[in-house]
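Below, each chain spelled out in residue letters.
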Amino acid sequence: PTKPYDSENIFAKILRGEMPCNKVYEDDHALAFHDINPQAPVHILVIPKGEYVSWDDFSAKASDAEMAGYVRAIGHVAREQGLVVRGFRLLSNVGRNGGQEVPHLHVHLFGGGPLGPMLA
Ligand code: 5GP
């Protein structure tokens, strides 16, 4: 069961401009910024602007336009940040077992060097 959205989560504050971030991209549907604790040479988070707790919540409730906008933004950031040429990784943690810490949907983009088999 997905918890109700908590509008005081850290990414909600970043979206409202109440918390700073190191922004790499923004459009109508998505915001991308560098992870504060990078786990790869390049570690970017891409979040939708809508209030979705996780991938589960988003895939169940988001409109087609929100879904398309978010997926396109992720692809755009990966290309724009130069991650595509040598390869990169997409990851989204969902819920407690998935190790999700921030309850606003985010996709991690890891790249900029060899990544090894998995990232926690
Ligand atoms: P999760 O475990 O929820 O998938 O990942 C949350 C990610 O958000 C972690 O990689 C963590 O380093 C990052 N993070 C947490 N708080 C902040 C913050 O205030 N700013 C930024 N840029 N990243 C954050």
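Worth saying up front: this structure is predicted, and the values here are computed from it rather than measured. (Residues numbered from 1 in each chain as written. Predicted model: local features only at pLDDT ≥ 70, side-chain atom pairs only at ≥ 80, totals over all residues. Heavy atoms only, no water.)

**Q** Help me out: how do you make sense of the nonpolar core in this one?
**A** Soluble, globular proteins show a tendency: their nonpolar side chains are buried together. One finds Ala32, Ile44, Val46, Tyr70, Val77 and Leu109 to be the most contacted residues of the largest nonpolar core, which totals 19 residues. When residues of this core are traced back to their parent elements, those giving at least two are β1 (23-26), β2 (30-34), β3 (42-48), α3 (64-80) and β5 (107-111). Broken down by element, this core gets its largest block of residues, five residues, from α3. Those residues in contact with Ile44, other than ones at most four positions away along the chain, are Val24, Ala32, Phe33, His34, Asp35, Val77, Gln81, Val107, His108 and Leu109. Grouped together as the second largest cluster of nonpolar side chains are seven residues, Ile14, Leu31, Phe33 and Val102 included. (Core = buried A, V, L, I, M, F, W, Y, C linked by side-chain atoms within 4.5 Å. Buried < 20%, exposed > 50% of the residue type's maximum accessible area, 1.4 Å probe, protein only. Helix = DSSP H or I, 4+ residues; strand = E, 2+ residues; numbered from the N terminus. Contact = heavy atoms within 4.5 Å.)

**Q** In this structure, what is going on with the sheet that holds β3? I would like to understand it.
**A** Sheet strands associate in pairs through backbone hydrogen bonding, adopting either a parallel or an antiparallel arrangement. Judged by pairing direction, the sheet is antiparallel, and its five strands sit side by side in the order β1-β2-β3-β5-β4 without closing on themselves. The two strands at the open ends of the sheet, each matched to only one other strand, are β1 and β4 (89-91). Taking the axes of each pair of neighbouring strands and ignoring which way they run, one obtains an average angle of 20° across the sheet. Where β2 lies against β3, five bridges are found, and the strand directions are antiparallel. Among the inter-strand pairings, His34 is bridged to a residue of β3, identified as Ile44. (Pairing = 2+ DSSP bridges. Axes fitted to C-alpha atoms, helices over the stretch in contact; angles between N-to-C directions.)

**Q** Looking at this model, I keep getting lost on the site of the ligand. Mind explaining?
**A** What surrounds the ligand is a group of 15 residues, the closest being Asp35, Asn93, Glu101, His106 and His108. Here Ile36 contributes a backbone N or O atom positioned 3.3 Å from a nitrogen atom of the ligand. Between the ligand and His108 there is a distance of 2.9 Å, counted from an oxygen atom to a side-chain nitrogen or oxygen. When contributions to the shell around the ligand are tallied by element, the ones reaching two or more residues are α1 (10-15) and β2. When its residues are assigned to classes, the shell around the ligand shows six nonpolar, seven polar and two charged. (Near = heavy atom within 4 Å. Polar contact = N/O pair within 3.5 Å; in protein donor to acceptor, adjacent residues only side chain to side chain. Nonpolar A, V, L, I, M, F, W, Y, C, P; charged D, E, K, R; others polar.)

**Q** I'm lost on the pairing of β5 in this one. Help?
**A** For a regular strand, side chains alternate in direction, first toward one face of the sheet and then toward the other. With five of five residues buried, β5 is to be regarded as a mostly interior element. Alternating residues of β5 divide into Val107, Leu109 and Gly111 and His108 and Phe110, and every residue in both groups is buried. Here β3 runs beside β5; their pairing, made up of five bridges, is antiparallel. Across the sheet, residue Leu45 finds its bridge partner in β5, namely His108. Pairing of β4 with β5, which is carried by three bridges, proceeds in the antiparallel orientation. Bridged to Leu91 within β5 is His108.

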